[in-house]
Amino acid sequence: MSEENTSKKIARTNFYEQIEKKSLTPLWEVMQNLVLPEPKSPCIPKIWKYDDIRKDILEAGDIISTEEAERRVLILENPGLLGTSRITRSLYAGMQLILPGETARNHRHTQTALRFVLEGSSAYTTVEGEKTTMHRGDFIITPPWGWHEHGNNGDQPTIWLDGLDIPIVQFLDTSFAEHYDKNVEQPLPKPEGDAIARYGSGLAPIDNFSASAASPIFNYPYSTTREALEKMKGNGELDVCHGLKMKYTNPLTGDYAMPTMAAFIQLLPSGFTGKKYCSTDSTVFVCVEGEGKTTLGDTEIHWTENDTFVIPSWVPHSHNSSNIDAVLFSFSDRAIQQKCGLWREKRYSN
Ligand code: 1HN
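Residue numbers restart at each chain and count upward from 1, following the sequence in its written direction. Totals for whole chains, interfaces and linings use all residues, but because this is a predicted model, local features are given only for residues with pLDDT of at least 70 and pairs of side-chain atoms are given and counted only at 80 or more. Only hydrogens and water are set aside; all other atoms, that is, all heavy atoms of the structure, feed into the side-chain values.

Strands here mean DSSP runs of E at least two residues long; helices mean DSSP runs of H or I at least four residues long; both are numbered from the N terminus. Helix and strand content of the protein: eight helices and 22 strands. Per-residue accessibility, obtained with a 1.4 Å probe over protein chains only, is compared with the maximum for each type, and a residue is labelled buried under 20%, exposed over 50%, and partly exposed between these values. Taking all 350 residues of the protein together, 45% fall into the buried category. Residue contacts are counted whenever heavy atoms from the two residues lie within 4.5 Å of one another. If you take every contact in the protein between residues at least 6 apart in sequence, the share linking residues at least 24 apart comes to 76%. The protein chains shown are the only cover counted for residues, whose accessible areas, like all others here, come from Shrake-Rupley with a 1.4 Å probe. Roughly 18000 Å² of accessible area belongs to the protein as shown, and the carbon and sulfur atoms make up 52% of that amount. Counting 35 positive and 46 negative side-chain charges, the protein places the averaged centre of each group 6 Å from the other. This count recognises Lys and Arg as positive and Asp and Glu as negative, with His and chain-terminal groups excluded. Lysine's charge is taken at NZ, arginine's at CZ, aspartate's at CG and glutamate's at CD.

Here you go:
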């Protein structure tokens, strides 16, 4: 180093020490880490095979009750985000088990939750005074600050995937939570099925309602979703990257069902070979039906029923189904990204 450069360096080091005491720090030393030319997520692509983790979730049923745990969940923690309880930088995901005869008590929090049911048909969740039975493939939401509790009246375990916007709420320092009176179930002023009849039948109340932050429909049953996909499949062109991909919507606004998170369902017909694609929303996928693979450069993720996998922001990837139709559920933070004008996607020509 020249004499001039050495003295410059010393002057700068001294200056940094001087300003540090005043809680000042030079932008020019960190700017390239703050403003990247394109996204570079610490999130790592990863698959959780259901066959493998199901055993662990059931074993958790032997070692802790819902009463002790509040919610019996194994967090799907991204290996690139260890110790943060995150599956992507902005999202939390976990596998929840509720055993026959159990309840998970009523509480509410500012975090929005979604549930995607993987197994069982005898559990229920109650959201804001309406109960709904949980069936495989149902997409269920809990709005921010909505009361919710779960139970299982049948004789089989029920397992579902939870997705919450916990890291977003953490980042904004807006977490509030409270419990209902211990061991008291919330009142049920609405009969089961009221929300879907009132808002999910192409109808809406003519007055005395205002669109809230989340969709008034809180269970989007798989039976309806699957039938719609089947009907649309043979009609119209498929997207070259996504096959037939639809978003779950709030019927009152046409927006995503939740304010921060977006959720999707897609059908890849048998033998579908998707084109390469990337988007800024790191995405969690669940294989609902069929099997296939997602290719990311040299990495291949092979998925089958109930496997959960994550694709990080801005990583090019392509989906392929096998010789049977595949259905993928997915969720991401696209809803909040789009509201902030941040979301981008890129389609590759090869
Ligand atoms: C929660 O309320 C549930 O209600 C699941 O099932 C997972 C993770 C963190 C905070 C609250 C539930 C959760 C959660």
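There's plenty left to go through after this.
Pairing of aromatic side chains requires ring centres within 6.5 Å, counting the rings of Phe and Tyr and the six-membered ring of Trp. Pairs whose planes differ by under 30 degrees are stacked, by over 60 edge-to-face, and all others tilted. Under the definition given, this model contains 13 aromatic pairs. Taken together, a centroid distance of 4.1 Å and an interplanar angle of 15° make the contact between Phe-116 and Phe-329 stacked. Taken together, the positions of Phe-116 in strand 5 (residues 113-119) and Phe-329 in strand 21 (residues 326-332) put the pair 213 residues apart, joining distant regions of the chain. Under the relative-accessibility criterion, Phe-116 is labelled buried at 1%. The class for Phe-329 is buried, based on a relative accessible area of 0%. Aromatic side chains Phe-329 and Phe-331 sit 6.3 Å apart centroid to centroid with 40° between the ring planes, which places their arrangement in the tilted category. The class for Phe-331 is buried, based on a relative accessible area of 0%. Put simply, the rings of Phe-116, Phe-139, Tyr-220, Tyr-248, Phe-329 and Phe-331 touch in pairs and so form one group of aromatic residues. It is Lys-245 that lies over the ring of Phe-264; its NZ or CZ is 4.7 Å from the centre. Just above the ring of Tyr-348 sits the side chain of Lys-276; from NZ or CZ to the centre is 4.9 Å. By definition here, charges over rings are those cases where NZ of Lys or CZ of Arg is within 6 Å of the ring centre and within 35 degrees of the ring normal.

Below, the discussion takes up the site of the ligand. Here a residue counts as near a molecule or strand whenever at least one of its heavy atoms sits within 4 Å of it. Lining the immediate environment of the ligand, one finds Arg-71, Tyr-92, Gln-96, His-107, His-109, Arg-115, His-148, His-150, Asp-162, Leu-164 and Ile-166. In the model, an oxygen atom of the ligand is placed 2.6 Å from a nitrogen or oxygen of the His-107 side chain. Between the ligand and His-148 there is a distance of 3.0 Å, counted from an oxygen atom to a side-chain nitrogen or oxygen. In the complex, the protein chains occlude 82% of the 330 Å² of accessible area that the ligand would expose alone. At the level of secondary structure, the elements contributing two or more residues to the shell around the ligand comprise strand 3 (92-98), strand 4 (103-109), strand 9 (148-152) and strand 10 (158-164). Here the nonpolar group is Ala, Val, Leu, Ile, Met, Phe, Trp, Tyr, Cys and Pro; Asp, Glu, Lys and Arg are the charged ones; every other residue, Gly included, is treated as polar. Tallied by class, residues from the shell around the ligand come to three nonpolar, five polar and three charged. Two N or O atoms count as a polar contact when they lie within 3.5 Å, although within protein this holds only if one can serve as hydrogen donor and the other as acceptor, and sequence-adjacent residues are included solely when both atoms are side-chain atoms.

What follows concerns the environment of Gly-297. The topology assignment puts Gly-297 in the loop between strand 17 (292-296) and strand 18 (299-303). Taking relative accessible area as the criterion, Gly-297 reaches 64% and is therefore assigned exposed. Along the sequence, Gly-297 and Ser-282 sit 15 residues apart, while their C-alpha atoms lie 16 Å from each other.

On to the sheet that holds strand 13 (residues 244-247). Strand order in the open sheet formed by six strands is 1-19-16-21-14-13, and the pairing between neighbours is antiparallel. This sheet does not close on itself; its edge strands, each paired only once, are strand 1 (46-48) and strand 13. Adjacent strand axes in the sheet meet at a mean angle of 20°, parallel and antiparallel pairs treated alike. As judged from the seven bridges shared by strand 14 (residues 262-268) and strand 21, these two strands associate in the antiparallel manner. If you follow Ala-263 over to strand 21, its bridge partner there is Phe-331. In this analysis, axes come from line fits to C-alpha atoms, helices being fitted only over the stretch in contact, and the angle between any two N-to-C directions falls in the range 0 to 180 degrees. Across the sheet, helix 7 (residues 222-233) lies against strand 13, strand 14, strand 16 (283-289) and strand 21, angled at about 50° from strand 14, the strand it touches most. Should DSSP find at least two bridges between two strands, the strands are taken to pair.

As a further point, take a nonpolar patch on the surface. Among the surface-exposed residues, Leu-27, Val-30, Met-31, Leu-34 and Val-35 lie close enough to one another that they form a single nonpolar patch of about 460 Å² accessible area. Structurally, Met-31 is set in helix 2 (residues 31-34). Here Met-31 falls in the partly exposed class, since its relative accessible area comes to 43%. Patches in this entry comprise residues that are over 30% relatively accessible and not in a salt bridge; like charges within 9 Å are linked, as are nonpolar side chains (Val, Leu, Ile, Met, Phe, Trp, Tyr) within 5 Å. In what follows, salt bridge is the name for a side-chain nitrogen of Lys or Arg lying within 4 Å of a carboxyl oxygen of Asp or Glu.

What follows deals with helix 7. Look at helix 7: 16 Å from first C-alpha to last across twelve residues, which is about the 16 Å you get at 1.5 Å a residue. Restricting attention to buried positions, one finds in helix 7 the residues Tyr-222, Thr-225, Arg-226 and Leu-229. One face of helix 7 carries all of its buried residues, which in axial projection span an arc of 95°. Seen from the open side of helix 7, the exposed residues pointing more than 90 degrees away from its buried face are Ser-223, Glu-227 and Lys-231. On its buried side, helix 7 packs onto strand 12 (219-220), strand 13, strand 14, strand 16 and strand 21. Take the residue count of a helix, subtract one, and multiply by 1.5 Å to get its expected span. The directions considered for the arc run from the helix axis to the C-beta atoms.

Take the sheet that holds strand 17 next. Read across the open sheet, the three strands follow the order 18-17-20; overall the sheet is antiparallel. Where the open sheet ends on each side, the last strands, each with one partner, are strand 18 and strand 20 (318-321). Within the sheet, the average angular offset between the axes of one strand and its neighbour, ignoring direction, is 20°. Two strands pair when backbone bridges link them, and strand 17 and strand 18 are joined in this way by five bridges, in the antiparallel orientation. For Leu-296, the partnering residue across the bridge sits in strand 18 and is Thr-299.

Moving on to the side chain of Asp-307. Assignment of secondary structure puts Asp-307 in the loop between strand 18 and strand 19 (308-311). Here Asp-307 falls in the buried class, since its relative accessible area comes to 2%. For Asp-307, the side chain forms a polar contact with the side chain of Lys-49, separated by 2.6 Å. Those residues in contact with Asp-307 that sit more than four places away from it in its chain are Ile-47, Trp-48, Lys-49, Tyr-50, Phe-285, Val-286, Cys-287 and His-302.

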